[in-house]
Amino acid sequence: MLCQMHASKNMKKEIKRERHAWWKEAIFYQIYPLSFYDSNGDGKGDLPGIIQKLPYLKELGVTALWLSPIYKSPMVDNGYDVSDYDSIDPTFGTMDDFVTFINRAHALGMRVIIDLVVNHTSDQHPWFLESRKSRTNDKSDFYIWHDAVDGHEPNNWASDIGGSAWTWDETRQQYYLHLFSQHQPDLNWRNPRVKEEIFAMMRRWLERGIDGFRADMGNFYIKAEGFPDAPRAPGDTRRYIHPEGLVANQPGIHELWHEIHREVLEPYNAIVFGELYFLTPEEGLHYVGYDRKEMELLYQYHIMDARGRWPEVTEAVRTWAEAFAHKAWNTITFSNHDSPRSVSVYGDAMHYHDASAKLIMTFLLTAPGTPFFLQGEEIGMNNMTVSCADELTDIKMRSIYEQRIASGEDQGAVLADLSQWNRDNARTPMQWSDAEYAGFSSHTPWLHVNPQYTHINVATQQKDKHSIWHYVRRLIMIRKYTPALVYGDFMPLFPDNYIMYGFARSDKDETIVVLFNFASWDNYIAVPDVLRTQRAQLLLCNVLSPRPITDNTLFFQPWETRVYSVSH
Ligand code: GLC
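Thresholds applied
Residues numbered from 1 in each chain as written. Predicted model: local features only at pLDDT ≥ 70, side-chain atom pairs only at ≥ 80, totals over all residues. Heavy atoms only, no water. Helix = DSSP H or I, 4+ residues; strand = E, 2+ residues; numbered from the N terminus. Expected span 1.5 Å × (residues − 1). Buried < 20%, exposed > 50% of the residue type's maximum accessible area, 1.4 Å probe, protein only. Arc of directions from axis to C-beta. Contact = heavy atoms within 4.5 Å. Phe/Tyr/Trp six-rings, centres within 6.5 Å; stacked < 30°, edge-to-face > 60°. Pairing = 2+ DSSP bridges. Axes fitted to C-alpha atoms, helices over the stretch in contact; angles between N-to-C directions. 1 Å grid on protein atoms, 1.4 Å probe; cavity = no way out; pocket = protein on both sides within 12 Å on 5 of 7 lines; lining within 4 Å. Points joined across faces, edges and corners; volume = space filled by probe spheres on them. Nonpolar A, V, L, I, M, F, W, Y, C, P; charged D, E, K, R; others polar. Salt bridge = Lys/Arg side-chain N within 4 Å of Asp/Glu carboxyl O.

Visitor: How should the environment of N450 be read in this particular structure?
Guide: Within the secondary structure, N450 sits in the loop between α15 (411-421) and α16 (458-463). Distance from N450 to L57, taken between C-alpha atoms, is 22 Å for residues 393 residues apart in sequence.

Have a look at this one:
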């Protein structure tokens, strides 16, 4: 009861302060275009394929789409290596297809943001091809070039995929920096001409009608002045060290985002959703605080980094919610194209696939912040086992595999580990039906289809009203029509219980109580005060016959979750 009274008192203040915005109310769905739907039978997803599936997305109820890169690219990192920012890669279609896609999505009431990949380009981008020709050409300072130091790389920085972050260029007789693969040279954001080019390119996309960008590596653009060595922990004998502290959140990054916001985004009323690594909530506030005018939303890796440990997830949600309350807006996400499948990490995909997939989606759609989910989460797509090295297609995973094998690790153990954490898990073709290639394509797909498609697929689940798909659709509907789930205050309910978890979301009209059993066994808990009223109404539950409340105790089945509404 106390919680509830406290909530409604607070809410009165909040309603006045919290300005409504589409991106606070949105339910974002990430499309990984290569794997969504192949319309022309070449084994790769494309824009006309996405257009065909827009009514599907409308029916599911999502209101905003995040499209992973569709720019022209040699596809070394599946499009996160752009060779022309103003063309659509022929794999995906044409600019006309893109414009048609935007118009149709808008006509169906869905907003669209696209990936903005400007920490680096492809090494095939004309800017880099020119930059590497000499030290004096027109684009010579578009990238980060450095002389050798004592015949070696300028510092000990490691790239994200292992090895040095510097590659020697024979023609220029200099090293260039690449925080990712050597085919992804980092742009030199300290050069005002780079800034101008990128700003102009962003405006051209805004003119094409998009609603905003997802900023890939958005806090990495500016590197530490002087390129000092990354600090080495005592006993660390590795030659190259990841330079997070010297490339993330560096002086100048906030001024830059502020400028992007003012010069590029504001005139179009567009938003930015930043992929920001290595952030404390306090640092996060510097990017998305309402007073900052830099970004609207940021990605919280704290949930994905918890790697399935629910106490860490709930702790991260609590700390970020507290830090951001009335000062900034949160997001919530369990997976994206760089992570394993959420049900395989946070649920029990083996024994309680259905219940645990539904529970994860319940958490996602009821916890504070704008929810983002990845194509396939609405049917509980899960990880697939990698049985041989040839099945690793992703540049990062291949490189990790090679390094671990070279360091003498057992091949079976490495493959088992990578099966769990491999980025390809998130990228296998969307499972539309139990037809050949999961109904994704009429041709062998670019990446193997998860064999589970025979029973985990859209068509089968749409026919079954108890399926994950129908559950997610209902959840989305509930979220859309329940302001407390968007703007309501957040209060964790059982602070010391890590298995039975719950929270309340309250506004002036109602309190929504969401309860979870994060375990593959039965559990029970005393009925929270807020539910001890006739007004408590069960809105949704993920098991078919939830046990009634007896003796003030709530009994939960494995991975059970319930959503209650208590009107005030
Ligand atoms: C981001 C992307 C990832 C990509 C990397 C380099 O982390 O999400 O897929 O490999 O940036 O662009």
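Read on, since the account is not over.
Visitor: Explain helix α4 (residues 95-107) to me, please; I cannot follow it from the model alone.
Guide: Owing to its 3.6 residues per turn, the α-helix brings residues three or four apart onto one side. Given a rise of 1.5 Å per residue, 13 residues ought to cover 18 Å, and the 18 Å separating the end C-alpha atoms of α4 matches this to within 8%. Turning to α4, its buried residues are F98, F101, I102 and A105. Here the buried residues of α4 occupy an arc of 95° about the axis, which is enough to place them on one side. When the buried face of α4 is taken as reference, the exposed residues oriented beyond 90 degrees from it are D96 and A107. Next to the buried residues of α4 lie α3 (47-60), β2 (64-67), β4 (84-88), β5 (111-116) and α6 (192-207). After α4 finishes, the residue G109 shows a positive phi value of roughly 85°.

Visitor: Help me understand the packing of aromatic side chains in this model?
Guide: Centre distance and the angle of the planes are the two values used to describe a pair of aromatic rings. Taken as a whole and judged by the stated rule, the model has 54 aromatic pairs. Here Y85 and W127 contribute two aromatic rings whose centre-to-centre distance is 6.0 Å and whose plane-to-plane angle is 45°, an arrangement assigned as tilted. In this pair, Y85 sits in strand β4 while W127 sits in helix α5 (residues 126-131), placing the two residues 42 residues apart along the sequence. Each member of the pair, Y85 as well as W127, carries the same accessibility label: buried. Note on W310 and Y346: the rings are 5.8 Å apart at their centroids and 75° apart in plane angle, and the pair reads as edge-to-face.

Visitor: Could you clarify how one ought to interpret the sheet that holds strand β1 (residues 28-31) in this entry?
Guide: What links the strands of a sheet is backbone hydrogen bonding, and the strands pair in either a parallel or an antiparallel sense. Pairing in this open sheet of eight strands is parallel, and the strands run β11-β10-β9-β5-β2-β1-β13-β12 from one edge to the other. The two strands at the open ends of the sheet, each matched to only one other strand, are β11 (297-298) and β12 (331-333). In the packing of helix α13 (residues 353-366) onto the sheet, contacts are made with β12 and β13 (370-374), and the angle to β13 comes to roughly 145°.

Visitor: What exactly am I supposed to notice about the layout of surface pockets here?
Guide: Taking a probe equal in size to a water molecule and rolling it over the atoms shows the remaining empty space. Its boundaries defined by the atoms lining it, the largest pocket holds a volume of some 1200 Å³. At the level of elements, α7 (244-247), α10 (301-304), α12 (342-346), α14 (395-406) and α15 are the ones that each hand at least two residues to the lining of the largest pocket. Per-element tally for the lining of the largest pocket: the top contributor is α14, with six residues. Among the residues making up the lining of the largest pocket, the classes are represented as 23 nonpolar, eleven polar and 15 charged. As a volume, the second largest pocket reaches approximately 610 Å³. Residue lining of the second largest pocket: 20 residues in total, with R19, A21, W23, K293 and E296 positioned closest to the centre. At the level of secondary structure, the elements contributing two or more residues to the lining of the second largest pocket comprise α2 (22-25) and α8 (253-265). Among the elements that make up the lining of the second largest pocket, the one with the highest residue count is α2 (three residues).

Visitor: Explanation requested: the pattern of salt bridges in the structure shown.
Guide: Opposite charge on two side chains permits pairing when their charged atoms draw close. Summed over the entire model, instances satisfying the criterion amount to 32 salt bridges. Between R208 and D86 there is a salt bridge, and its shortest N-O distance comes to 3.1 Å. Within this pair, whereas R208 is found in the loop between α6 and β9 (212-215), its partner D86 is found in strand β4, the two being separated by 122 residues in sequence. Put simply, D77, D338, D394, R423 and R427 are held in one network by salt bridges that share partners.

Visitor: What am I meant to see in the pairing of strand β15 (residues 500-506) here?
Guide: In regular strands, side chains alternate between the two faces of the sheet. In terms of burial, β15 is a largely internal element, seven of the seven residues being buried. Side chains of β15 alternate between two faces, with M500, G502, A504 and S506 and Y501, F503 and R505 buried alike. With seven bridges joining them, β15 and strand β16 (residues 510-517) adopt antiparallel strand pairing. From the neighbouring strand, S506 faces β16, where its bridge partner is T511. What sits between β15 and β16 in their antiparallel hairpin is a turn of three residues.

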